[in-house]
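# Working through the structure, step by step
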Amino acid sequence: LSKLTEAKDEVFGSSFEQGDFSESFRFSPREITVSTDFQRASLELISRVHSAEYLDFVNELSKTLERRQKEETGDSPSIMTIPFTPHIQRNILKTTDLNVKGHSDTSFSVGSLRAARRAAGAVQHAVDRVLSGRSRNAFCVVRPPGHHAGVNGLLENSESCGFCIFNNVATGALHALSERHQVRCGKVAIVDIDVHHGNGTEEIVRRAHDSTRIFFFSVHLYDNPNATAGKYSRGSATKEWSFYPGTGDKDDMAHNIINVPLAPLWKEKEVTTATANGGALNSSGSVHNTRNRAKKEAAATSKKEGKADGESFASESDQSSKKISPGKTGTINEVPTHYLFGTGRKGYRRAIRTRLIPSLRAFNPDLILISAGFDACSGDVGNAKHMAGGKERAGIDLDPEDYAWTTRKVMEVADICCHGRVVSVLEGGYGRTPRRESDRLSASSAKNSSVLDKTVFSESVMRHLRSLIDPYDSEKRHPRQIMDEDDSGDEN
């Protein structure tokens, strides 16, 4: 419970329930109900998502920490925290030395298992309320996040757990498809808008018993020069830095999986040159036409000059490891797939408009789950490339209006398909590094003593929540959001 309270305060600020916001962000009791009255997810439910071996491992790890903490002497024993990375984890269970050396961005402590089960339980509770009609939709403010947790926790060849223990959104999806809700819910869609690819969710969806009942969409940054045939390359002496997790560059249509990788802003000049010279991005922005992909690939193979009925395109088999070969308009150029939508806000909105909305409408789900990551906010440390000297290069520049717009687009489909039934689950979102000393002092003096400025993060979450409640009223409250840029060509 304390972890969830901290997560709520982190997102909304401690003044959320006091209504200490501008008029645009005030909620009346008829609009929203804040609840912590739910149980931890059962092991039976989580076992539908994760393997028995992984659950046994996490449970044993938690017991080991509890036992060793009790063995500590003193009036106030320190809280034991260990790195949560599998090759480190398994060694810990076999040794008495808890000071294992090794890099890990994910930690595990005595309370982590309870917090993780509580987070999954929040999503289970939200799904129950929405499918039973007691709530029209819901937003789960949970920590830890979950979309990087695969069947066995950490995915094969991955180097980080991404702060995740159990996959909350996948747990909610499989719960919705269980016998308990079989009358109300036959199909579930998961829409992942976190800046990082939901690699764990994708693996779980791919291994689902009946993948025809689940749809997964992810739009995310992608920059992985080590990729070979779509797989992450490990152990190479010449390995280059890549944006985590370095996956999600291809669709898997057989399992209803759609990935839209976007190039980061630090590649903007290269992307502009490649697409401008090659004409790979046509005026409609439709660059992922999987229906005609096989035909186009065959044409590309047979016509080395690259002409295909006067239309320019780039097949999905073109890998980012190939060199860009600019040519004349109307030719096939070896442009990496993740360059095709462009960069920044325009690329993101183009991906939502041309790939998510038509596919989501065609799938016609009975429930939509959103993996709502807010780390694509402009300046958020989650989308930055961190360099020596504390310098950062932004990967994407979404505004709070972009999250409101995305939510509205999803809600429009939900209103048509499933009576507006949407459950949103918090994933990433951290804040930005204060640029001025005054901002830094202000941030560090906040309740959570964080050095990150969460102003834009919090505003983005509030816009998302406002649009979940009433996307059309949200337009009136925020006139800038009304400018539906998809009506103005490539502006969106």
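Since this is a predicted model, take the numbers as computed values, not measurements.

The rules behind these values
Residues numbered from 1 in each chain as written. Predicted model: local features only at pLDDT ≥ 70, side-chain atom pairs only at ≥ 80, totals over all residues. Heavy atoms only, no water. Helix = DSSP H or I, 4+ residues; strand = E, 2+ residues; numbered from the N terminus. Buried < 20%, exposed > 50% of the residue type's maximum accessible area, 1.4 Å probe, protein only. Contact = heavy atoms within 4.5 Å. Areas by Shrake-Rupley, 256 points an atom, 1.4 Å probe, with all protein chains shown as cover. Phe/Tyr/Trp six-rings, centres within 6.5 Å; stacked < 30°, edge-to-face > 60°. Polar contact = N/O pair within 3.5 Å; in protein donor to acceptor, adjacent residues only side chain to side chain. pLDDT = per-residue confidence, 0-100. Expected span 1.5 Å × (residues − 1). Salt bridge = Lys/Arg side-chain N within 4 Å of Asp/Glu carboxyl O. Core = buried A, V, L, I, M, F, W, Y, C linked by side-chain atoms within 4.5 Å. Pairing = 2+ DSSP bridges. Axes fitted to C-alpha atoms, helices over the stretch in contact; angles between N-to-C directions.

Turning our eyes to something else, we now look at the overall build of the chain. Summing up its helical and strand segments, the chain has 15 helices and ten strands in all. Looking at the chain as a whole, 55% of its 492 residues qualify as buried. Long-range pairs, those at least 24 residues apart, make up 74% of the contacts in the chain with a sequence separation of at least 6. Accessible surface for the chain amounts to roughly 22,400 Å². Of this, 47% is attributable to carbon and sulfur atoms.

Below, the discussion takes up the packing of aromatic side chains. Each aromatic ring pair is summarised here by two numbers: the centre-to-centre distance and the angle between the ring planes. The final tally for this structure, using the stated rule, is ten aromatic pairs. Ring geometry for Tyr54 against Phe166: centres 6.3 Å apart, planes inclined by 85°, an arrangement best described as edge-to-face. Of the two residues, Tyr54 sits in helix H3 (residues 52-71) while Phe166 sits in the loop between strand S3 (137-140) and helix H6 (168-176), which places them 112 residues apart along the sequence. Each member of the pair, Tyr54 together with Phe166, is buried. Ring geometry for Phe374 versus Tyr403: centroids 4.9 Å apart, planes at 45°, classification tilted. With a gap of 29 residues between them, Phe374 in the loop between strand S7 (367-372) and strand S8 (385-386) and Tyr403 in helix H11 (residues 400-417) connect regions that are remote in the sequence. Taken individually, Phe374 and Tyr403 each receive the classification buried, so the pair is uniform in this respect. Counting every residue linked through ring pairs, the aromatic cluster contains Phe57, Phe84 and Phe108.

What follows is about the side chain of Thr201. Summarising the element assignment, Thr201 is placed in helix H7 (residues 199-206). What makes Thr201 buried here is its relative accessible area of 0%. Polar side-chain contacts of Thr201 include one of 3.1 Å to the side chain of Asn167. Setting aside anything within four residues of it in sequence, one finds Thr201 in contact with His147, Ala149, Asn167, Val169, Ile190 and Phe216.

On to the environment of Pro144, then. Mapped onto the secondary structure, Pro144 falls in the loop between S3 and H6. Judged by relative accessible area, Pro144 falls into the buried class, the value being 15%. For the pair Pro144 and Leu113, spaced 31 residues apart in sequence, the C-alpha to C-alpha distance is 9.8 Å. What Pro144 contacts, discounting residues up to four positions off in sequence, is Ala115, Ala116, Ala119, Phe163, Ile165 and Asn168.

This paragraph deals with the confidence of the model for the chain. In this model, the chain carries a mean pLDDT of 79, and residues with pLDDT of at least 70 account for 68%. Note on residues 14-21: pLDDT is under 50 here. Beyond four places in sequence and across chains, it has 16 contacts. This stretch, residues 304-332, has a pLDDT under 50; its non-local contacts, to residues over four places away or in other chains, come to 61 contacts.

Taking 1.5 Å as the rise per residue, helix H13 (residues 455-469) with 15 residues should run 21 Å; its terminal C-alpha atoms sit 21 Å apart, in good agreement. Most of H13 is tucked away, with twelve of its 15 residues classed as buried.

Scanning the model with the defined rule gives 16 salt bridges in all. Between Glu202 and Arg206 there is a salt bridge whose closest N-O contact spans 2.7 Å. Placement of the pair is Glu202 and Arg206 together in helix H7, with a separation of four residues, close to one helical turn. Classification of Glu202 by relative accessible area gives buried; the value is 9%. Arg463 is the salt-bridge partner of Glu459, the closest N and O atoms lying 3.2 Å from each other. Taken as a pair, Glu459 and Arg463 lie in helix H13 at a separation of four residues, close to a single helical turn. What you see here is one network of salt bridges that share partners, running through Arg345, Arg349, Asp399 and Asp402.

On to helix H5 (residues 112-132), then. In this model H5 runs 30 Å from its N-terminal to its C-terminal C-alpha over 21 residues, within 8% of the 30 Å that 1.5 Å per residue would give. For H5, the tally of buried residues reaches 17 of 21 residues, placing the bulk of the element in the interior. Downstream of H5 by a residue or two, Gly133 has a phi angle that is positive, lying close to 90°.

Of note, the amide linkage connecting Arg143 to Pro144 takes the cis form, showing an omega dihedral of 5°. Cis geometry is adopted by the peptide bond preceding Pro245, which originates at Tyr244 and carries an omega value of 0°. Within the element layout of this structure, Pro245 appears in the loop between strand S5 (214-221) and strand S6 (257-262). Residue Phe163 is not a glycine yet carries a positive backbone phi of 70°. According to the relative accessible area criterion, Phe163 is partly exposed, its value standing at 35%. Its identity is not glycine, yet His419 carries a phi of approximately 55°, on the positive side. Note that His419 resides in the loop between H11 and strand S10 (422-426). Residue classification places His419 among the exposed residues on the basis of a relative accessible area of 63%.

Our next topic: the nonpolar core. Formed by 48 residues in total, the largest nonpolar core has its most connected members in Phe217, Val219, Leu262, Leu356, Ile368 and Phe374. Taken together, the elements giving at least two residues each to this core come down to strand S4 (188-192), S5, S6, helix H10 (344-363), S7, H11, S10 and H13. The residues contacting Leu262, other than those within four sequence positions of it, are Val219, His220, Leu221, Tyr222, His338, Phe341, Gly342, Gly347, Tyr348, Ala351 and Ile396. Listed in part, the 32 residues of the second largest apolar core include Ala119, Ala170, Ile257 and Leu369.

This paragraph deals with the sheet that holds S10. What the six strands build is an open sheet, ordered S3-S10-S7-S4-S5-S6; its pairing is parallel. On the outer flanks of this sheet lie S3 and S6, each paired with one strand and no other. Pairwise comparison of adjacent strand axes, ignoring direction, gives a mean angle of 10° for this sheet. Bridging between S3 and S10 involves four bridges; their strand directions are parallel. For Asn137, the partnering residue across the bridge sits in S10 and is Val422. Against the sheet, H6 makes contact with S4, S5, S7 and S10, and its axis sits at roughly 175° relative to S7, the strand it touches most.

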